[in-house]
Amino acid sequence: MKLLSFLTLLLLTAAANAQPMPFRNKALPVADRVKDLLSRLSLEEKISLLGYRSKAVDRLSIPAYNWWNEGLHGVARAGEATVFPQAIGMAASFDDRLLRLIGDAISTEARAKYNLSTAAGRREQYMGLTFWSPNINIFRDPRWGRGQETYGEDPFLTATMGSAFVKGVQGDDPRYLKASACAKHFAVHSGPESLRHTFDAIVDQKDLRETYLYAFKRLVDSGVESVMCAYNRVNGEPCCTGPTLLHHILRDEWHFKGHVVTDCGALDDIFERHKVLPGPIETAAAAIRAGVDLDCSDVLQQDVLKAVETGALTRQDVDSALAPLLRTQLRLGFFDNRTDVPFSGYGADSVHNDYHISLARTMAAESMALLKNENRALPLRLDSLQSLMVVGPNAFSFDALAGNYHGVSSRMVTFLEGITAATGPGVHVEYDQGCDYRDSIHFGGTWAASNCQATIAVIGLTPVMEGEEGDAFLAPHGGDRTDLGLPAAHIAYVKALRKAIGGKPLIVVVTAGSAVDLAPIAPYADAILLAWYPGEQGGNALADILFGKISPSGRLPVTFYRSTSDLPPYSDYSMKGRTYRYYDGPVQYPFGYGLGYSSFSYGWHEQPKKQVAAKDTLTFSITVSNTGARDAEEIVQVYLEYPDIDRMPKKELRCFRRIRMVSQGSSFDLRLAIPLSELKKWDPATNQWKVYPGKYRLILGSDSRDEKLAADFTIR
């Protein structure tokens, strides 16, 4: 009997040991799993998990993990991947549906790379599933080098595109995140780049709420898993230790449930450069208390234990910081059986496949904005084209395709390659670099251009001339630009080309991630096409537009000012006199501008009601007719003008819709709706949101200064 009891006890013990620990039991609620794992970790182990280079906990079979991964416009810095257009270019598409598909493609490739690398025992930086994208800062000033990473100057467009990207990246599985997205940089962060580690952005509550925080709130409401706090201070408080942004607004007001990560080295800045706290221990304690969970440096891993030992933090504070990180990892399936995670079967065939390449080509084509097309110089007719000259330093440039925060691809198609492939072997095509970025005297290719029917000149900027501090090493001011000018050598070269070729067509393609002054070249170019940094399919997309396979349909997500002299000082964060919302002076090209190969007219189908209540939704419908001679797509933009009250925007984008290919001579009926709660403004007197009663004007057009239809209504 004793032997039987002993054997029974052994069997029961073995059965108990065979049961997974509760934190590995996917049938339990996530909160219970987090609680169980916290109970099993020592204080030292918990602290080791608070840095982006998360340590392994071998006794619990928890591997090391690197949280730092980039996916702004494709999986970046991680080998073969699809390189989509830079974010500012994708914003120019005004196509949130397509951007969501691209976000989904990015997380598919990320899952495949993660599966392949972890199966090989590699847990490298940039090969994980936690992406520090998108950048939803407002591109308030064209001098900011990192503006190319954003979705432009408008909060509504930024929020709509950013939400679509997040939903695509994170997926819609009810249990698992496909990957984790991150809204950055929280908040009020848009240069000067050279001062970002010390700068204090002074902004009042009205601009803070209506402009700088609007997109962050929308992304939180859309379920973004992570928020990154910025380097700078806002109204004296460091973004990563001050209570206002992270605690009062993000957690208490918005009820954010995800995790907060610092920008890389931001905690070091607080005591070394901002000098608002005496040292790393005080900074680590302040960051944890404010709501930081993950540190992109090693301050938390090195100094939180000391803060606990001195009483500046409690063990419960550490648990509160770690819990959101564990919740994210559980939602990514890190502690579940591989077969239970629906994305575990993704492999090499999920990376840079034909479908993803087609998405990149479509988005690149949709992003390019035609700014001038005199005498219908475009499209060029392939059936009568005998010879073509392609020139310019960006015609065969990787950088001019890739933008910053880019991946790499084995099939990058430069502008020259795309044009050459489209024209085929029966057309005489030549290429010459023509000029560099500095020499305004010595040029090449002008004689050859004079012997060809038409010339395509690809000029402009690259991401080493505008971008992040340190990365844009040729930028004149720490990554930023000091003016809106094109390189002087490029302007001189365009003039030399015009002189050489006489009246033959000269098509200028400009690459850039921001507004540029095109006035010096406009008189010499028959057509100007802004290509942004269009990604790996930029060459094919350009050829599709040049030769009329598709009509250009990109729209500017930023105002093209005439000069920086039209702007307030760069370091001034007040919105007065900035962006189309608060500036109505003369411009080169307005926000939302872009030409096509066809024309459209709008007509009312159903006008909005004249009298509405603040709780209502404004509904209306229009008929959009293609009155031109070619099939084309149209982007309907809906703006609101507000009652004449102090500090109201001059107008604001409040709805937009890309209409898929409309055949020439045909019409499309479109029904639109705007919740009037979207018209709320911050009331400084009460420090509350308010929908102001009064007379409003609804304007529909093709850009912010176009008015095809208008209707007045009153909110009671």
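Residues numbered from 1 in each chain as written. Predicted model: local features only at pLDDT ≥ 70, side-chain atom pairs only at ≥ 80, totals over all residues. Heavy atoms only, no water.

## A word on the state of the cysteines
Disulfide: a covalent bond connecting the sulfur atoms of a pair of cysteines. Filter applied, for reference: Here, two cysteine sulfur atoms that lie within 2.5 Å of each other are counted as a disulfide. Only DSSP runs of H or I reaching four residues or more are called helices, and only runs of E reaching two or more are called strands; each is numbered from the N terminus. Exposed residues in this analysis have more than 50% of their type's maximum accessible area, buried residues have under 20%, and partly exposed residues fall in between, with area computed by a 1.4 Å probe over protein chains only.
Within the structure shown, the criterion is met by 2 disulfides. Across a sulfur-sulfur distance of 2.1 Å, cysteine 229 and cysteine 240 are joined as a disulfide pair. Classification of the bridge connecting cysteine 229 and cysteine 240 rests on its S-S torsion, roughly 105°, and on that basis the disulfide is right-handed. In this pair, cysteine 229 is assigned in strand β5 (residues 226–229) and cysteine 240 in the loop between β7 (237–238) and α9 (243–253), connecting sequence segments 11 residues apart. When sorted by exposure, cysteine 229 lands in the same class as cysteine 240, which is buried. Two residues, cysteine 264 and cysteine 296, share a disulfide whose sulfurs are 2.0 Å apart.

## Here we look at the sheet that holds strand β8 (residues 259–262)
Here is the rule we go by: The pairing criterion is simple: DSSP has to find at least two bridges between the two strands. Note on method: axes are straight lines fitted to C-alpha atoms, helices fitted across the in-contact stretch only, with angles between N-to-C directions ranging 0 to 180 degrees. Throughout, a residue-residue contact means that at least one pair of heavy atoms, one from each residue, lies within 4.5 Å.
A sheet is described by the order of its strands in space; here 3 strands give the open sequence β3-β5-β8, paired in parallel fashion. The outermost strands of the open sheet, each flanked by one partner alone, are β3 (182–186) and β8. Strand after strand, the sheet turns through a mean of 25° between neighbouring axes, direction not considered. Strands in contact with α9 are β3, β5 and β8; relative to β8, the strand with the most contacts, it is inclined by about 160°.

## Section: the packing of aromatic side chains
Quick note on the threshold: The rule is short: rings of Phe, Tyr and Trp, with Trp giving its six-membered ring, pair when the centres are within 6.5 Å, and they are stacked under 30 degrees, edge-to-face over 60, tilted in between. Throughout this description, the term charge over a ring refers to an Arg CZ or Lys NZ atom that lies within 6 Å of the ring centre and within 35 degrees of the ring normal.
In the structure shown here, the tally under the stated rule is 27 aromatic pairs. Seen from their ring centres, tyrosine 114 and phenylalanine 334 are 5.6 Å apart, and the 10° between their planes marks the pair as stacked. Highlighted residues: tyrosine 114 in helix α5 (residues 96–119) and phenylalanine 334 in the loop between α13 (315–331) and α14 (354–367), separated in sequence by 220 residues. Using a relative accessible area of 12% as the deciding quantity, one classes tyrosine 114 as buried. On the basis of relative accessibility, which here comes to 18%, the residue phenylalanine 334 falls in the buried class. Taken together, the ring pairs connect Phe94, Phe156, Tyr580, Phe591, Tyr639 and Phe656 into an aromatic cluster. The lysine or arginine in question, lysine 184, covers the ring of tyrosine 405, its NZ or CZ lying 5.0 Å from the ring centre.

## Section: unusual backbone geometry
A cis amide bond links lysine 184 with the next residue in sequence, histidine 185, at an omega value of -5°. Tracing the chain through its elements places histidine 185 in strand β3. Cis geometry marks the peptide bond from glycine 191 to proline 192, where omega comes out at 0°. Along the chain, proline 192 turns up in the loop between β3 and β4 (200–201). At valine 188, a residue that is not glycine, the phi angle is positive and equals roughly 55°.

## Considering the packing of helix α2 (residues 30–40) against α13
For clarity, the cut-off: Note that the term roughly parallel is reserved for angles under 35 degrees, roughly antiparallel for angles over 145, roughly perpendicular for angles of 65 to 115, and oblique for everything else. Handedness of a crossing follows from how the near helix is turned relative to the far one, being left-handed for an anticlockwise turn of less than a right angle and right-handed for a clockwise one. We call Asp, Glu, Lys and Arg charged. Ala, Val, Leu, Ile, Met, Phe, Trp, Tyr, Cys and Pro are nonpolar, and the rest, Gly among them, are polar.
The geometry of α2 relative to α13 is characterised by a closest axis approach of 9 Å and an angle of 125° between their N-to-C directions. Judged on the interaxial angle alone, α13 and α2 are oblique. For the pair α2 and α13, the sense of crossing is right-handed. Within the contact between the two elements, α2 uses Val30, Arg33, Val34, Leu37 and Leu38 and α13 uses Asp319, Leu322, Ala323, Leu326, Arg327 and Leu330. For the contact of α2 with α13, the class distribution of residues is 8 nonpolar, no polar and 3 charged.

## Side note on the pattern of salt bridges
Which entries qualify depends on this criterion: Salt bridges are identified by distance alone: a Lys or Arg side-chain nitrogen within 4 Å of an Asp or Glu carboxyl oxygen.
If you walk through the whole model with that rule in mind, you get 47 salt bridges. Salt-bridge contacts for arginine 578 lead to aspartate 141; the nearest nitrogen and oxygen are separated by 2.8 Å. Taken together, the residues span a long stretch of sequence, with arginine 578 in the loop between α19 (538–546) and α20 (579–582) and aspartate 141 in the loop between α5 and α6 (155–170) at a distance of 437 residues. Of the two residues, arginine 578 and aspartate 141, both sit in the buried class. Across the pair arginine 581 and glutamate 652 runs a salt bridge whose closest N-O atoms are separated by 3.0 Å.

## Notes on the sheet that holds strand β16 (residues 611–612)
Spatially, the 5 strands line up as an open sheet ordered β16-β24-β23-β18-β19, and their pairing is mixed. At either margin of the open sheet sits one strand with a lone partner, and together these are β16 and β19 (652–662). Examined bridge by bridge, strand β18 (residues 632–641) and strand β23 (residues 694–701) share 5 bridges and lie antiparallel to one another. Among the inter-strand pairings, glutamate 641 is bridged to a residue of β23, identified as arginine 697.

## Section: helix α8 (residues 214–221)
What α8 keeps buried is the set Tyr214, Ala215, Phe216, Leu219 and Val220. Buried-residue contacts for α8 involve α6, β3, α7 (205–212), α9 and β19. Remark: glycine 223 follows α8 within two positions and exhibits a positive phi of approximately 90°.

## Observations regarding the pairing of β18
Of all 10 residues that make up β18, 9 are buried, and the element is covered over most of its length. Where β18 lies against β19, 8 bridges are found, and the strand directions are antiparallel. From the neighbouring strand, leucine 640 faces β19, where its bridge partner is glutamate 652.

## Notes on the nonpolar core
Which entries qualify depends on this criterion: In this text, buried Ala, Val, Leu, Ile, Met, Phe, Trp, Tyr and Cys residues form a nonpolar core when linked through side-chain atoms within 4.5 Å.
Of all hydrophobic cores here, the largest spans 125 residues; its most connected members are Leu50, Trp132, Phe186, Val188, Leu250, Val304 and Leu653. Leaving out residues up to four positions away in the same chain, leucine 653 has contacts with Phe94, Asp154, Phe156, Leu157, Tyr580, Phe591, Gln637, Val638 and Tyr639.

## Focus: the packing of α5 against α14
Close contact between α5 and α14 brings their axes to 10 Å; oriented N to C, the two are set at 145°. Taken as a pair, α5 and α14 cross one another with a handedness that is left-handed. For the pair α5 and α14, contact is made by Leu98, Leu99, Leu101, Ile102, Ala105, Thr108 and Glu109 and by Tyr355, His356, Leu359, Thr362, Met363 and Glu366, respectively. Per-class residue counts for the contact of α5 with α14 are 8 nonpolar, 3 polar and 2 charged.

## Structural notes on the environment of leucine 595
One can find leucine 595 in the loop between α20 and β15 (600–606). Measuring from C-alpha to C-alpha, the distance between leucine 595 and lysine 372 comes to 7.3 Å, with 223 residues separating the pair along the chain. When sequence neighbours within four positions are dropped, the list of residues in contact with leucine 595 reads Leu370, Leu371, Lys372, Asn373, Pro552 and Arg555.

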